[in-house]
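Given next are the chains, with one letter for each unit.
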Amino acid sequence: MPIGPGPRPIRESDLDEARRRARSMSIPFDHKILAVTPVEFAVDRVRGVVDPVGRMGSQLEMQAHLVTGSRSVLHNLENAIETAKYKPLGEEVDVLATSRALLTEPEMEQGVMLIDMGGLATNWAVFRKGSIVANGLVPLGGEHLTNDLSHGLRIPLEQAVKTKHEKGVVLRSLEQEVSTHVLFEDNRPEETPGLIAAILEPRTEEIFTYVKNDFGDLRTLAGLGAGVVLTGGGSMCRGTRQL
């Protein structure tokens, strides 16, 4: 966008205008832009500028990462909040809020993936050179681990939750190996650490595989200097980090 008839120092207000224009971009009518995160700027077509404030120029461009959401889903959420006698103050993308709370600037500069394993879904975001590269969601989470335990050990969901919290382990190599044939026998299997790991490892591996495939750029993933940061209740089982 042009910032004046001639070169002048770029101001913070120019960045605000660039963000405003990004929010007004044409997207499907049933969606709304929830977040605009600048990735890099270009001043007079010179790209790779991280912070253009104070630079002389007459043209400013911004490459940004946009997150959109369904208007109908947002409307239903607002209705639920108002029904509970609260007033919504605005929207916030959960994985971006979590990133700001947990990740440091050096980590985001070196390159890092945040994986937030919630109950019904796992959110992820990748940062590099201080900016977000991509984010997404996998519809699997901690409750799926609970359901697997309940089904495999033939115990109520409430007991499966307690077992996961107190004895959860998702890496079979950490425990004595057991035969999984007992899962298919008529009698209820004995609740051993090895069997718990045999039940939980496939699902946890599936979640991480889906996250990797959802991002897709394996070269960037391999070059993340700060690695992966795990958070969320679903990541609390022993062996999650090693897996």
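Novice: An account of the nonpolar core is requested, with residue identities and associated values reported.
Specialist: Generally speaking, a soluble globular protein has its nonpolar side chains buried in company with each other. Core analysis: the largest hydrophobic core is formed by 15 residues, its most contacted members being V93, V95, L96, L103, V112 and F127. Excluding residues within four positions of it along the chain, V112 makes contact with L103, E107, A125, V126, F127, L224, A226, G227 and V229.

Novice: Break down the environment of R188 for me, with residues and values.
Specialist: Relative to the helices and strands, R188 is located in the loop between α6 (157–167) and α7 (193–215). Expressed as a C-alpha distance, the spacing of R188 and E12, which sit 176 residues apart in the sequence, is 65 Å. Those residues in contact with R188 that sit more than four places away from it in its chain are L153, R154, I155 and Q159.

Novice: Please provide a residue-by-residue account of the sheet that holds strand β7 (residues 122–128), values included.
Specialist: With mixed pairing, four strands are arranged side by side in an open sheet as β8-β7-β6-β9. Pairing within the sheet leaves two strands with one partner each, and these edge strands are β8 (131–138) and β9 (228–231). Pairwise comparison of adjacent strand axes, ignoring direction, gives a mean angle of 15 degrees for this sheet. Two strands pair when backbone bridges link them, and strand β6 (residues 112–117) and β7 are joined in this way by six bridges, in the antiparallel orientation. What sits directly across from M117, in β7, is T122. Across the sheet, helix α3 (residues 94–102) touches β6, β7, β8 and β9, and the angle it forms with β7 is around 55 degrees. The sheet contacts of α7 involve β6, β7, β8 and β9, and relative to β8 the element is tilted by about 130 degrees.

Novice: Outline the sheet that holds strand β2 (residues 31–43), listing residues and values.
Specialist: Pairing within the open sheet is antiparallel, and its three strands lie in the order β3-β2-β5. Each having just a single partner strand, β3 (46–49) and β5 (60–70) make up the two edges of the open sheet. Shown here is a sheet whose adjacent strand axes are inclined to one another by a mean of 45 degrees, direction ignored. One ladder, built from 11 bridges, connects β2 with β5; its direction is antiparallel. Following the sheet pairing, H31 is matched in β5 by S70.

Basis of the calculations
- Residues numbered from 1 in each chain as written.
- Predicted model: local features only at pLDDT ≥ 70, side-chain atom pairs only at ≥ 80, totals over all residues.
- Heavy atoms only, no water.
- Core = buried A, V, L, I, M, F, W, Y, C linked by side-chain atoms within 4.5 Å.
- Buried < 20%, exposed > 50% of the residue type's maximum accessible area, 1.4 Å probe, protein only.
- Contact = heavy atoms within 4.5 Å.
- Helix = DSSP H or I, 4+ residues; strand = E, 2+ residues; numbered from the N terminus.
- Pairing = 2+ DSSP bridges.
- Axes fitted to C-alpha atoms, helices over the stretch in contact; angles between N-to-C directions.

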